[in-house]
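Understanding the architecture of this molecule
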Amino acid sequence: MSDWTHRHVLDLAAFSLADYATVLELAQRFRAMPTSGARKLPALQGRLVTTLFFEPSTRTRSSFELAARRLSADVVSFTPGSSSLSKGESLLDTVRTYVAMGAELLVVRHRATAVPQQLAEALDAAGEQVAVLNGGDGLHSHPSQGLLDLFTLARHFAPETPTPAALQGKRIVIVGDVLHSRVARSNLWALTACGAEVVLCGPPTLLPEAFAGFVAAPPPGQAADPVAQRGAVRVERSLDAALQGADAVMTLRLQQERMHQNLLSSLDGYHQRYGLSHARLARCGKPVPVLHPGPVNRGVEMTGALLDDPALSLVEEQVRNGIPLRMALLYLLVAGSAQSSLKPSSSSP
Ligand code: NCD
């Protein structure tokens, strides 16, 4: 873990193959450890983690908070509705209040793109020793979800050794509302870095053709791509064609709260063309797993029967894997490379 250099985790475009390997290896170790109740790990004892979610969340926030507690950190959660933001305090001043209380890591979700990055830059400029972890910003990036999806797929393909190499040469289909999905963007960086081929599928209104070139160049402000060779990305309009030869299928929620125009004629029509079902999935030619970052609109992105089918649905597994994966991120950003504190506390049986 000595080559981990990130002070913040804002966008997976900045991750090298070694970074993915580090995170996955640590997540796998945390997943194998009993870390609940009296068996919490003492790694972040006395350290303060703050979650600041300016957008709704069920999974991500709870998962980060559980992850922090399993590492024995103190956790404070900011809730915009009941805060001084409503009294006119600026976002940065609000954040600095938590830093003054001793927060060493802030998990930030915001509906506007780049807010976590701007906060990180402002805090760095002020000389504050605090890490910022992007919990999802606008349409831009959701690194912890991209990483937990990668971890889930790597564990599916190579249960004993879930490393980036497990994804090499795999064909992963991402179907649905790619345009409004920060999860799809983070997955594109992660999956192509590990050598997977990504097939994007959806209607032109929700999947502009330009997505085929999404990982062709690093994002503005980043000088170079840390990954030498990425897997290919292609856009396919027909779901049946996209599913041929697929090794896994990820479907995305229709983000109607982010659609400002009528981009869909009907939900029924969408389900007919892009919804997943057992019958549809049979077109892959072999049993392949289905992923969804949640929350799921049953009967729209996929049938309830498929979502609830433990033989094919990895959706609950994604939720389970989110905790050890986020423990890995918190550990890397707060405890750094000190590995000794990974031992369970002496009170553990
Ligand atoms: C996603 C998000 O918020 O970006 N959900 C999540 O974090 N699990 C996807 C979504 O809201 O559809």
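Position numbers for residues count from 1 along each chain, tracking the sequence in the order it is written. At least 70 in pLDDT is required for a residue's local features to be given in this predicted model, at least 80 for side-chain atom pairs to be given and counted, and no such filter applies to totals for whole chains, interfaces and linings, which use all residues. The basis for every side-chain value is the complete set of non-hydrogen atoms in the structure, without hydrogens or water.

**Brief notes about the packing of aromatic side chains**
In this description, a pair of aromatic rings is defined by centroid distance and the angle of the planes. Classification of ring pairs uses Phe, Tyr and Trp, with its six-membered ring standing for Trp, and accepts pairs whose centres are within 6.5 Å; under 30 degrees between planes counts as stacked, over 60 as edge-to-face, and the remaining range as tilted. Per the counting criterion, the structure on display carries 8 aromatic pairs. Seen from their ring centres, Phe-78 and Tyr-98 are 6.0 Å apart, and the 85° between their planes marks the pair as edge-to-face. Residue Phe-78 is located in strand E2 (residues 74–78), and its partner Tyr-98 is located in helix H3 (residues 91–100); the two are separated by 20 residues in the primary sequence. As far as the burial class goes, Phe-78 and Tyr-98 line up, both buried. Taking the centre distance of 5.7 Å and the plane angle of 40° together, the rings of Tyr-270 and Tyr-274 count as tilted. A residue pair is termed a helical-turn pair when its members lie 3 or 4 positions apart in one helix, as Tyr-270 and Tyr-274 do in helix H8 (residues 267–274) at 4 residues. Secondary structure elements are defined from DSSP: runs of H or I of at least 4 residues count as helices, runs of E of at least 2 residues count as strands, and each element is numbered from the N terminus. Buried residues are those whose accessible area, probed at 1.4 Å on protein chains only, stays under 20% of the maximum for their type, while exposed residues exceed 50% and partly exposed ones sit between those limits.

**Quick look at the domain arrangement of the chain**
You can read the domains of the chain as domain 1 (12–141 + 319–338) and domain 2 (143–314). Put simply, the middle of domain 1 and the middle of domain 2, counted by C-alpha atoms, are 25 Å apart. A contact between two residues is defined here by any heavy atoms of the two lying within 4.5 Å. Every contact between the two is made by 33 residues of domain 1 and, on the other side, 35 residues of domain 2. Buried surface area refers to the total accessible area, computed with a probe of radius 1.4 Å, that the two partners give up upon joining, counted for both partners together. Where domain 1 abuts domain 2, roughly 2,700 Å² becomes buried across the two surfaces, and 64% of that area is made up of carbon and sulfur atoms. Interface area lost by domain 1 to domain 2 is led by Leu-12, Leu-24 and Leu-139, which between them contribute 24%. Any Lys or Arg side-chain nitrogen found within 4 Å of a carboxyl oxygen on Asp or Glu counts as a salt bridge. In this assembly, domain 1 and domain 2 are joined by 1 salt bridge. Residues Glu-55 and Arg-182 are paired through a salt bridge, measuring 2.9 Å at the closest nitrogen-oxygen approach. Domain extents, as shown, originate in an automatic or database domain assignment.

**Considerations on the sheet that holds strand E8 (residues 248–251)**
Spatially, 5 strands are ordered E7-E6-E5-E8-E9 in an open sheet, and the strand pairing comes out parallel. Both outer strands of the open sheet, strand E7 (233–236) and strand E9 (290–291), are each paired with one neighbouring strand and no more. Strand pairing is assigned whenever DSSP identifies at least 2 bridges connecting the two strands. In this structure, strand E5 (residues 171–175) lies alongside strand E6 (residues 197–201), joined through 5 bridges in parallel fashion. Each residue of the ladder has a partner; that of Ile-174, found in E6, is Leu-200.

**Some points on H8**
Burial in H8 covers these residues: Tyr-270, His-271 and Tyr-274. Here the buried residues of H8 occupy an arc of 100° about the axis, which is enough to place them on one side. Turned more than 90 degrees away from the buried face of H8 sit Asp-268, Gln-272 and Arg-273, all of them exposed. Check the buried side of H8 and you find it contacts E5, E6, helix H7 (239–243) and helix H9 (278–281). Note: the arc covers the axis-to-C-beta directions of the helix.

**Re the site of the ligand**
In the vicinity of the ligand, the residues found are Thr-60, Arg-109, His-142, Gln-145, Arg-182, Val-183, Arg-253, Gln-255, Pro-293, Gly-294 and Pro-295. In this structure, Gln-145 approaches the ligand through a side-chain N or O atom, which is 3.3 Å from a nitrogen atom. By the criterion applied in these results, polar contacts are pairs of N or O atoms within 3.5 Å in which, for protein atoms, one can donate a hydrogen and the other can accept it, and in which residues neighboring in sequence qualify only through two side-chain atoms. Take Pro-293: an N or O atom from its main chain is 2.9 Å from a nitrogen atom of the ligand. Bound to the protein, the ligand loses 94% of the 320 Å² it would expose on its own. Throughout, the term near means that a residue has one or more heavy atoms lying within 4 Å of the molecule or strand in question. Each accessible area value is a Shrake-Rupley result obtained with a 1.4 Å probe; residue values ignore everything except the protein chains displayed when judging cover.

**What about the nonpolar core?**
Core analysis: the biggest nonpolar cluster contains 71 residues, and Tyr-20, Leu-167 and Leu-200 have the highest contact counts within it. Residues contacting Leu-200, with those up to four places away along its chain left out, are Ile-174, Val-178, Leu-188, Leu-207, Phe-211, Val-233, Arg-234, Val-235 and Glu-236. By convention a nonpolar core is built from buried Ala, Val, Leu, Ile, Met, Phe, Trp, Tyr and Cys residues, the set being connected through side-chain atoms within 4.5 Å. With 26 residues, the next largest nonpolar core counts Leu-206, Val-249, Leu-276 and Val-300 among its residues.

**Things to note about the pairing of strand E3 (residues 103–110)**
Most of E3 is tucked away: 7 of the 8 residues are buried. Taken together, the 5 bridges between E3 and strand E4 (residues 131–137) define a ladder with parallel strand orientation. In the strand pairing of E4, His-110 is matched with Asp-137. Read as a crossover between parallel neighbours, the route from E3 over helix H4 (residues 115–125) to E4 is right-handed. A crossover gets the label right-handed when its path from the first strand over the helix to the second runs clockwise, viewed with the strands pointing away from the viewer.

**Overview of the packing of helix H1 (residues 17–32) against helix H11 (residues 315–335)**
Between N-to-C directions, angles span 0 to 180 degrees; the directions come from axes that are lines fitted to C-alpha atoms, helices contributing only their stretch in contact. Viewed as axis vectors pointing N to C, H1 and H11 meet at an angle of 115°, and their least axial separation amounts to 8 Å. As far as their axial angle goes, H11 and H1 are roughly perpendicular. The chirality of how H1 crosses H11 is right-handed. Of the residues in H11, those in contact with Thr-22, Val-23, Leu-26, Ala-27, Phe-30 and Arg-31 of H1 are Glu-317, Arg-320, Asn-321, Pro-324, Leu-325, Met-327, Ala-328, Leu-329, Tyr-331 and Leu-332. By residue class, the composition of the contact of H1 with H11 is 11 nonpolar, 2 polar and 3 charged. If an angle is under 35 degrees, it is roughly parallel; if it is over 145, roughly antiparallel; if it lies from 65 to 115, roughly perpendicular; otherwise it is oblique. Note on convention: the crossing is left-handed when the near helix lies turned anticlockwise from the far helix by less than a right angle, right-handed when the turn is clockwise. Amino acid classes used here: Ala, Val, Leu, Ile, Met, Phe, Trp, Tyr, Cys and Pro are nonpolar; Asp, Glu, Lys and Arg are charged; the rest, including Gly, are polar.

**Remarks on the sheet that holds E3**
Spatially, the 4 strands line up as an open sheet ordered E2-E1-E3-E4, and their pairing is parallel. Two strands bound the open sheet, and with one partner strand each, they are E2 and E4. With strand direction ignored, the average angle separating the axes of adjacent strands in the sheet is 15°. H3 rests against strand E1 (48–53), E2 and E3 of the sheet, and its axis sits at about 150° to E3.

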